[in-house]
Amino acid sequence: MECVLGVVGRDFAVVAADTSAVQSILVHKTDEDKVMVLDSHKLMGASGEPGDRVQFTEFIQKNLHLYQFRNTIPLSTAAAANFTRGELATALRKNPYMVNIILGGYDKDVGASLYYIDYIATLHKIDKGAFGYGSYFCLSLMDKLYHPDMTVEEAVDLVDKCIKEIRLRLVVAPQNFVIKIVDKDGAREYARRELVGDNAPVDAAITVAA
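Now for a look at the structure at hand. (Residues numbered from 1 in each chain as written. Predicted model: local features only at pLDDT ≥ 70, side-chain atom pairs only at ≥ 80, totals over all residues. Heavy atoms only, no water.)

With that settled, consider the packing of helix α3 (residues 135-145) against helix α4 (residues 152-169). The geometry of α3 relative to α4 is characterised by a closest axis approach of 9 Å and an angle of 145 degrees between their N-to-C directions. The handedness of the crossing between α3 and α4 is right-handed. For the pair α3 and α4, the contacting residues are Phe137, Cys138, Leu141, Met142 and Leu145 in the first and Leu158, Lys161, Cys162, Glu165, Ile166 and Arg169 in the second. For the contact of α3 with α4, the class distribution of residues is 8 nonpolar, no polar and 3 charged. (Axes fitted to C-alpha atoms, helices over the stretch in contact; angles between N-to-C directions. Helix = DSSP H or I, 4+ residues; strand = E, 2+ residues; numbered from the N terminus. Left-handed = near helix turned anticlockwise from the far one by under 90°. Contact = heavy atoms within 4.5 Å. Nonpolar A, V, L, I, M, F, W, Y, C, P; charged D, E, K, R; others polar.)

All chains considered together, the criterion is met by 15 salt bridges. The closest approach of N and O atoms between Arg193 and Asp160, which form a salt bridge, is 2.7 Å. Here the residue Arg193 occupies a position in strand β12 (residues 186-195), and Asp160 occupies one in helix α4, the gap between them amounting to 33 residues. With a relative accessible area of 8%, Arg193 lands in the buried category. Residue classification places Asp160 among the partly exposed residues on the basis of a relative accessible area of 22%. Arg169 is the salt-bridge partner of Glu165, the closest N and O atoms lying 3.5 Å from each other. One end of the pair, Glu165, and the other, Arg169, are both in helix α4, 4 residues apart, so they sit about a helical turn from each other. Salt bridges sharing common partners tie together Glu2, Asp18, Lys29, Asp31, Glu32, Lys34 and Arg53. (Salt bridge = Lys/Arg side-chain N within 4 Å of Asp/Glu carboxyl O. Buried < 20%, exposed > 50% of the residue type's maximum accessible area, 1.4 Å probe, protein only.)

The strand order across the open sheet built from 5 strands is β5-β6-β7-β8-β9, with neighbouring strands paired in antiparallel fashion. Since the sheet does not close on itself, it has two edges, and those belong to β5 (35-39) and β9 (123-126), each with one partner. The average angle at which neighbouring strand axes cross in this sheet is 25 degrees, direction not considered. Pairing of strand β6 (residues 42-48) with strand β7 (residues 99-107), which is carried by 7 bridges, proceeds in the antiparallel orientation. Paired with Gly45 across the strands is Ile102, a residue of β7. Strands β5, β6 and β7 of the sheet are contacted by helix α1 (residues 50-71), whose axis makes an angle of about 15 degrees with β5. Packed on one face of the sheet, helix α2 (residues 77-92) meets β6, β7, β8 (111-117) and β9 and runs near 160 degrees to β7. (Pairing = 2+ DSSP bridges.)

On to the pairing of β5. For β5, the tally of buried residues reaches 4 of 5 residues, placing the bulk of the element in the interior. As judged from the 4 bridges shared by β5 and β6, these two strands associate in the antiparallel manner. Paired with Val37 across the bridge in β6 is Leu43. In sequence, β5 turns back onto β6 through a hairpin of 2 residues.

As structure tokens, then:
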């Protein structure tokens, strides 16, 4: 029951994901971070088979670091998205990765951007998007409430509305979510939304200092 979503605002991108590690009917842990910081100004939210998700996201992260080490400059967000798409396309005909990705980043001359990459190597630049069962509820909310000049507060409020809808309407809803942001100041964790108590859903925002 994984959920990954992203939104681009005025000069930032937000990527959020559930933190549940689930197999069959078992929840193994509720603090699995599925939004990887690729480098100083890029985030990758991923859903899919746990082994593929961890292996592929780490593979992309290390290759971006290698490129920067060799060339002294980082890849742009668009270049990182196309590299990721190329690796998925290459693997598709050999040993495919069952991974869906929302990639967000900030470039000095371009600003913030967001990319949708699915397991069959489809790549689209988007303003808003979601993967997983939660997307059935999030996409309609985003269509209604999203606008291009959103502030950070408005974008996080939209993410919170999506999380609330997922918890309300999804049969087996994830308990906890992590929200990360990337802007001119870099990529970082912004907040966590955690389900506290035995039965009642209570949002506990844990804001992390930049």
